[in-house]
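Okay, here's what each chain looks like letter by letter:
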Amino acid sequence: MDYQTIIEPFRIHSVEPIPMTTVAERSDAIRDAHYNLFQLPARKVMIDLLTDSGTGAMSRDQWAAIQHGDESYAGSPSWEIFESAVHDLFGFAHIIPTHQGRAAERILFALLGGPSKIVPANTHFDTTRANVEYTGAKAIDLLCSEGLDPELDAPFKGNIDVAALANLLEHNASDVPAVVLTITNNSGGGQPVSMANIRATSELCRRFDVPLYLDSCRFAENAWFIRQREPGYATKSVTEIVHEMYSWADGMTMSAKKDPMANIGGWLATNDELLAERARTMLILTEGFPTYGGLAGRDLEAIAQGLQEAVSHDYLQYRIASTGYLGNALDAMGFPVVRPSGGHAIYLDARRLLPQIPPLEYPGQALAVALYELGGIRGCEIGTVMFGRAPDGSEHPSALELVRLAIPRRTYTQSHIDYVVEVCENVLQVAPSLRGYRITKEPPTLRHFTAQFEPLAH
């Protein structure tokens, strides 16, 4: 029978307390943090939706794998278990472990990037863009037109614009060291990329002899969306879909803190033997020996077990349905959100909610602060604060002004999400009175992590 209640496919084995705070306490806390949600002490956050990176609950079997971890410096059995798990699922010849995804990005683009280079993507996320630009290369987003319309209900709004990519490669292929597809498309609202788009991008890259790398943090969620939405995949297993996705790629970067459900870890994988050799040399210089790459053996085993759990149909059905539960509730109350719901997060459209706040007064930041002050919810601005500052120092409004509510895996129950809905309802009522912010201090890159803000007067 088709019941409507979402049942978590797990029982709770241990719990940790949630700090219950008042509006006054939160107002003081956010002021002390200079209105930057990243600078808040976690002990002052009630519902932490800042990120789904490393914040999920590991399973009983993952904790058991941690106890099994072998801490030999070189050639640990835990490395063999990890390597086998990654190779069996993704198929790449060379696997280079790192302490997290941005380390894999740093190694890859340090080897491929450089002045005059161009790295196109559907949408680069923050650390990906920063690692590309740090080398002097130019990061270009070629998101499909559907992805630029938050209100459009289309199945694969994370796709790259293949025609735009073809035009770029026709004129600049010699300057393009790699093409990147982020799956799912985090900055674009957590939207999936279709198999047809992956295939078309791969065929185009091969025609111009340009490698294709998948930024793979949420690969399992992307595969589930393909299974749900793309003709011809409804009867395939998630593992089969993943195998096909990666058959079209030349390599991948991964943060194991997302879909692999570990608290730390990542890797770079490639079929390019020369690149892999150079990457291992850099790994030894900056991360660790090639069979641990900055991780403990116990972390390697937890990741290997998490990969098995990430492709579980029961888990993915619950994961996508529970995220959609929040998105549908907000949409029904008239709170502007990116449609359809993504896999790991719901994205609030601050531009539509707060038309009185100009982009350079950071409406996303204003919304994120309001969510915290009114309800203790910590979200993440994904708009002009995160993407508005260009490498030359100029500032421009971002294409989208969003606040991401990222749902940690297997961490919160439906009652927690119902509370988030109630807080958003209150924010909706006070939205016309919210004001913008200005930045009083910022670093030259990745400013959203450490910038300081102050509210503007009415």
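Our structure is the block above this text.
Residues numbered from 1 in each chain as written. Predicted model: local features only at pLDDT ≥ 70, side-chain atom pairs only at ≥ 80, totals over all residues. Heavy atoms only, no water.

A. Broad picture of the packing of helix α3 (residues 77–90) against helix α11 (residues 297–310). Running from N to C, α3 and α11 point in directions that differ by 30°, and their axes come no closer than 8 Å. As the angle between them shows, α3 and α11 are arranged roughly parallel. Relative to α11, the crossing made by α3 is left-handed. Contact residues: S78, W79, I81, F82, A85, V86, L89 and F90 in α3; G297, L300, E301, I303, A304 and L307 in α11. (Axes fitted to C-alpha atoms, helices over the stretch in contact; angles between N-to-C directions. Helix = DSSP H or I, 4+ residues; strand = E, 2+ residues; numbered from the N terminus. Parallel < 35°, antiparallel > 145°, perpendicular 65-115°, else oblique. Left-handed = near helix turned anticlockwise from the far one by under 90°. Contact = heavy atoms within 4.5 Å.)

B. Examining the nonpolar core more closely. By size, the foremost hydrophobic cluster in this structure holds 64 residues, and its most contacted members are F90, F219, M245, Y246 and W267. Those residues within four positions of Y246 in sequence are excluded, and the remaining contacts are F90, F92, I183, L214, S216, F219 and M252. I30, L40, V45 and L326 belong to the second-largest nonpolar core, a separate cluster that totals 46 residues. (Core = buried A, V, L, I, M, F, W, Y, C linked by side-chain atoms within 4.5 Å. Buried < 20%, exposed > 50% of the residue type's maximum accessible area, 1.4 Å probe, protein only.)

C. Highlighting unusual backbone geometry. Omega for the bond connecting I183 with T184 falls within 30 degrees of zero, at -15°, which places this linkage in the cis form. Within the secondary structure, T184 sits in the loop between β5 (179–182) and α7 (195–207). The omega torsion across R339 and P340 is -10°, close enough to zero to call that bond cis. Secondary-structure assignment places P340 in the loop between α12 (313–333) and β9 (345–349). Residue D209 is not a glycine yet carries a positive backbone phi of 60°. Here D209 lies in the loop between α7 and β6 (212–215). Phi is positive for M261, which is not a glycine, with a value near 60°. Assignment of secondary structure puts M261 in the loop between β7 (251–255) and β8 (266–270). Residue classification places M261 among the buried positions, given a relative accessible area of 6%.

D. Expanded view of the state of the cysteines. Using the criterion set out here, one finds 0 disulfides in the structure. Looking at the unpaired C205, the closest cysteine sulfur is the one in C144, lying at 16 Å. The buried category is assigned to C205, whose relative accessible area is 0%. The cysteine C380 is free of any disulfide, with C217 supplying the nearest cysteine sulfur at 14 Å. (Disulfide = S-S within 2.5 Å.)

E. Representation of the packing of helix α6 (residues 162–172) against α7 in the model. Closest axis-to-axis distance for the α6/α7 pair is 11 Å, and the angle between their directions is 10°. Viewed along their axes, α6 and α7 adopt a mutual orientation that is roughly parallel. Taken together, the residues of α7 that come into contact with α6 (itself represented by V162, L165, A166, L169 and E170) are N197, A200, T201, L204 and R207.

F. Just helix α14 (residues 363–375), in detail. Relative to the 18 Å expected for 13 residues at 1.5 Å per residue, α14 spans 18 Å between its end C-alpha atoms, a close match to the ideal helical length. Of all 13 residues in α14, 11 are buried, a share of seventy percent or more. Along α14, the residues classified as buried are P363, G364, Q365, A366, L367, A368, V369, A370, L371, Y372 and G375. Looking one or two residues beyond α14, the residue adopting positive phi is G376, at roughly 75°. (Expected span 1.5 Å × (residues − 1).)

G. Representation of helix α5 (residues 126–134). Residues of α5 that are buried: D126, T127, T128, R129, N131 and V132. Each element contacted by the buried residues of α5 is listed here: α4 (101–112), β3 (118–121), β4 (138–141), β6 and α15 (384–387). Downstream of α5 by one or two residues, G136 has phi in the positive range, about 95°.

H. Representation of the pattern of salt bridges. As enumerated under the stated definition, the model contains 23 salt bridges in all. A salt bridge links E133 to R129; the nearest nitrogen and oxygen atoms lie 3.8 Å apart. Taken together, the residues span about one helical turn, with E133 and R129 both in helix α5 at a distance of 4 residues. When its relative accessible area of 16% is taken as the criterion, R129 is described as buried. One salt bridge in this structure joins E309 and R410, with 2.9 Å as the shortest N-O distance. Of this pair, E309 sits in helix α11 while R410 sits in the loop between β12 (402–406) and α16 (414–430); the two residues are 101 residues apart in sequence, bridging distant segments of the chain. Accessibility assignment for this pair places E309 and R410 in one class, buried. Among the charged side chains, a network of salt bridges with common partners joins D52, R218, E221, D259, R319 and R409. (Salt bridge = Lys/Arg side-chain N within 4 Å of Asp/Glu carboxyl O.)

I. Molecular detail of the sheet that holds strand β11 (residues 380–382). The 3 strands are arranged β9-β12-β11 in an open sheet whose pairing can be described as antiparallel. Looking at which strands have only one partner, the edges of the open sheet turn out to be β9 and β11. Each strand axis lies, on average, 30° off the axis of its neighbour in the sheet, ignoring direction. Two elements, β11 and β12, share 3 bridges in a ladder whose sense is antiparallel. Looking across to β12, one finds that C380 is bridged to R404. Relative to β12, α14 is tilted by about 40°, and along the sheet it contacts β9, β11 and β12. (Pairing = 2+ DSSP bridges.)

J. View of the environment of E442. By the secondary structure assignment, E442 is in the loop between β13 (437–441) and β14 (452–455). Taking the C-alpha atoms as reference points, E442 and Q452, separated by 10 residues in sequence, lie 6.5 Å from one another. There is a polar contact of 3.2 Å between the side chain of E442 and the side chain of R447. (Polar contact = N/O pair within 3.5 Å; in protein donor to acceptor, adjacent residues only side chain to side chain.)

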